[in-house]
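Structural features, examined
Each chain, letter by letter, is given below.
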Protein chains: 2
Amino acid sequence: MTIRYYWEDFPAGLVRDIGSFAVTREAVLAFAHEFDPQPFHTDDEAAQASLFGGLCASGWHTCAMAMRLMCDSYLLEAASLGSPGIENLRWLKPVFPGDTLGGTMTVLEARTMASKPHVGLVRSAWDLRNQHGETVLTMEGWGMFRRREVPAAAPA
Amino acid sequence: MTIRYYWEDFPAGLVRDIGSFAVTREAVLAFAHEFDPQPFHTDDEAAQASLFGGLCASGWHTCAMAMRLMCDSYLLEAASLGSPGIENLRWLKPVFPGDTLGGTMTVLEARTMASKPHVGLVRSAWDLRNQHGETVLTMEGWGMFRRREVPAAAPA
């Protein structure tokens, strides 16, 4: 995989489209049976009687689908070093089989690391929407990226 | 599934063990290929050269495994109505194939909802540790549960 994006390519204010993802019933059920078999994720009748009104994806499945969108739209071509965590994760609307998810990532803040001169930090916000334009998921998080230009070490 | 736990069964201060989960190489690779195919989750050589030092689970996979632990230890027997979101999600240590994860949930706060008298909110903290006693994941979140005893409506 060719690296195209380094820390310098994620300046504050950048907005990127992260593509789209089709949510299938099979995938919703498979994820739920493996990780989150609550009745509103596995059983149509129970889901219809729930607050969600119908069988819907586990919130963690929605996060995983958002991750796949990030990977395919920029992360697999970026010098990504992982993430320390996430803030303000909100499941705002249920995600149903048949939905198509899309959205954006917005860079909120970018800074270098004093302790690791070859690494930069990027704080981003993600906004995931369904085909009706409704936001289903928002979250913010820090990512670590290698810097394209590593500053020369200061003289001792 | 018999409901044993209602909102009243999650008072502030409650600490519950959430059992344990064995992390397999097959599961780490399967989740990564489906949702997070960054090289440190899919390729041994790339992972050894990364900050993680070896092939490790996607952070979202760790969240999903934590969810499974919650489901099996109390949530599938609880009158759970879903969650609006998560705060302070931290991936503190990489999770490697062969690890065994376990941990606790601690109730931080419990309150009723004025707008929905039959529903109560519970704010919990989860602490997921590996077999070395190292915390790999922490997070906090609100859950909604039905109340066992629904208060009578106030006279009009």
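Now for a quick tour of the structure. Quick caveat: nothing in here was measured; it's all calculated off a predicted structure. (Residues numbered from 1 in each chain as written. Chains lettered and ligands numbered in written order. Predicted model: local features only at pLDDT ≥ 70, side-chain atom pairs only at ≥ 80, totals over all residues. Heavy atoms only, no water.)

**Some words on the packing of helix α1 (residues 25-35) of chain B against helix α4 (residues 59-73) of chain B**
Helices that pack against each other are described as a pair by the angle of their axes relative to one another and the distance between those axes. Residue and element names in this part refer to chain B. Between α1 and α4, whose axes approach to 9 Å, the crossing angle comes to 120 degrees. Here α1 lies oblique to α4, going by the angle between them. The handedness of the crossing between α1 and α4 is right-handed. Each of Ala 27, Val 28 and Phe 31 in α1 lies in contact with α4, whose residues at this interface are Trp 60, His 61 and Ala 64. (Axes fitted to C-alpha atoms, helices over the stretch in contact; angles between N-to-C directions. Helix = DSSP H or I, 4+ residues; strand = E, 2+ residues; numbered from the N terminus. Parallel < 35°, antiparallel > 145°, perpendicular 65-115°, else oblique. Left-handed = near helix turned anticlockwise from the far one by under 90°. Contact = heavy atoms within 4.5 Å.)

**Section: the nonpolar core**
Trp60(A) and Trp60(B) are the most contacted members of the largest nonpolar core, which totals 81 residues. Setting aside residues up to four positions removed in sequence, Trp60(A) forms contacts with Phe31(A), Leu89(A), Trp91(A), Trp60(B), Cys63(B), Met67(B), Ile86(B) and Met139(B). (Core = buried A, V, L, I, M, F, W, Y, C linked by side-chain atoms within 4.5 Å. Buried < 20%, exposed > 50% of the residue type's maximum accessible area, 1.4 Å probe, protein only.)

**Digging into the state of the cysteines**
Such a bond, covalent and formed between the sulfur atoms of two cysteines, is termed a disulfide. One pass over the structure, following the stated rule, counts zero disulfides over all chains. The closest cysteine sulfur to the non-disulfide-bonded Cys63(A) is located on Cys63(B), 7.1 Å from its own sulfur. With no disulfide partner, Cys71(B) has as its closest neighbouring cysteine sulfur the one in Cys56(A), 13 Å distant. Accessibility expressed as a relative area gives 1% for Cys71(B), which makes it buried. (Disulfide = S-S within 2.5 Å.)

**Things to note about the interface of chain A and chain B**
A common measure of how large an interface is: the accessible area buried when the components associate. Taken together, the contact between chain A and chain B spans 34 residues of the former and 34 residues of the latter. Taken together, the two surfaces of chain A and chain B that pack against each other cover about 3100 Å², and 64% of this comes from carbon and sulfur. Looking only at chain A, the three residues that lose the most surface to chain B are Phe35(A), Leu51(A) and Trp60(A), adding up to 23% of its buried area. If you look at where chain A meets chain B, you find two salt bridges. With a shortest N-O distance of 2.4 Å, Glu87(A) and Arg90(B) are connected by a salt bridge. (Buried area = accessible area lost by both parts, 1.4 Å probe. Salt bridge = Lys/Arg side-chain N within 4 Å of Asp/Glu carboxyl O.)

**Some thoughts on the packing of aromatic side chains**
Taken as a whole and assessed by the stated rule, the structure comprises 16 aromatic pairs over all chains. Aromatic pair Trp60(A) and Trp60(B): ring centres 6.4 Å apart, planes at 45 degrees, arrangement tilted. In this pair, Trp60(A) sits in helix α4 (residues 59-73) while Trp60(B) sits in helix α4, so the two residues belong to two different chains. Ring pairs connect the aromatic residues Tyr5(A), Phe10(A), Tyr74(A) and Phe145(A), which therefore count as one cluster. (Phe/Tyr/Trp six-rings, centres within 6.5 Å; stacked < 30°, edge-to-face > 60°.)

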